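As a plain string of letters, each chain reads:
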Amino acid sequence: MRLLTHNMLASNVRGVTSGYPLKLEATNWCTKEVDLNADFIRGLLPKIDWRALVAATRALNLPELLPEEQPSEEEIFAEGAANVEGSAIRRIHHALLEIHVQQGALICPESGRSFPIEKGIPNMMLHEDEV
């Protein structure tokens, strides 16, 4: 599961009103290199909950990957930034698309319900009594 996916998921357990963002508990994760597409990142950024993304990187013990505050568009999309190792766009791209959680769980912040992640796939299926 990419952190992009994590950023879009929420708990739909009956009665839960604030099931977002899900807390990430990863027991196994890896990185898989993906070509950077600046236009894709530009279109995606307005849909991303920055605080949830930062919390996910912290949960993976990567506190230096992203700053607490989202960098400005000028910094992210500066001329030639995509070619500079460690630039804001490269770090964002890495966090969203190259980090893959293989095993772990997503925890509902309100109910504490745990949704397992196995072989990179989050299981968001609800039990009968949760629908």
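Residues numbered from 1 in each chain as written. Predicted model: local features only at pLDDT ≥ 70, side-chain atom pairs only at ≥ 80, totals over all residues. Heavy atoms only, no water.

Asker: Would you mind going over the pairing of strand β3 (residues 114-118) with me for this structure?
Answerer: A regular strand places its side chains on the two faces of the sheet in alternate fashion. On β3, burial follows the alternation: F115 and I117 on one face are buried, whereas S114, P116 and E118 on the facing-out side are not. Here strand β2 (residues 99-107) runs beside β3; their pairing, made up of four bridges, is antiparallel. Across the sheet, the residue bridging to L106 is F115, located in β3. Counting the residues in the hairpin turn of β2 and β3 gives six residues, including G112, whose phi is positive at 80 degrees. Sheet topology places β3 next to strand β4 (residues 121-122); two bridges connect them, and they run antiparallel. (Buried < 20%, exposed > 50% of the residue type's maximum accessible area, 1.4 Å probe, protein only. Helix = DSSP H or I, 4+ residues; strand = E, 2+ residues; numbered from the N terminus. Pairing = 2+ DSSP bridges.)

Asker: How should I be thinking about helix α5 (residues 88-98) in this particular structure?
Answerer: Along an α-helix, residues three or four apart share an orientation, since each turn contains 3.6 residues. Burial within α5 is extensive, with eight of its 11 residues counted as buried. Three or more residues of α5 are buried, namely A88, I89, I92, H93, A95, L96, L97 and E98. Where α5 is buried, its residues touch α1 (3-8), β1 (23-31), α2 (38-44), α3 (50-59), α4 (73-76) and β2. (Contact = heavy atoms within 4.5 Å.)

Asker: Would you mind showing me how to read the environment of G86 here?
Answerer: By the secondary structure assignment, G86 is in the loop between α4 and α5. On the accessibility criterion, G86 (41% relative accessible area) is partly exposed. Residues G86 and P21, spaced 65 residues apart in sequence, show a C-alpha to C-alpha distance of 27 Å.

Asker: Just to check I follow, could you spell out unusual backbone geometry for this structure?
Answerer: When glycine is set aside, most residues are seen to have a negative phi, and most peptide bonds are trans. With omega at -5 degrees, the peptide bond leading from Y20 into P21 counts as cis. Mapping P21 onto the fold places it in the loop between α1 and β1. One non-glycine residue, N61, lies in the positive phi region at around 65 degrees. Residue K119 is not a glycine yet carries a positive backbone phi of 55 degrees. Its place among the elements puts K119 in the loop between β3 and β4. Exposure remark for K119: the relative accessible area of 73% places this residue in the exposed category.

As far as function goes, none of this settles anything; it's purely spatial.
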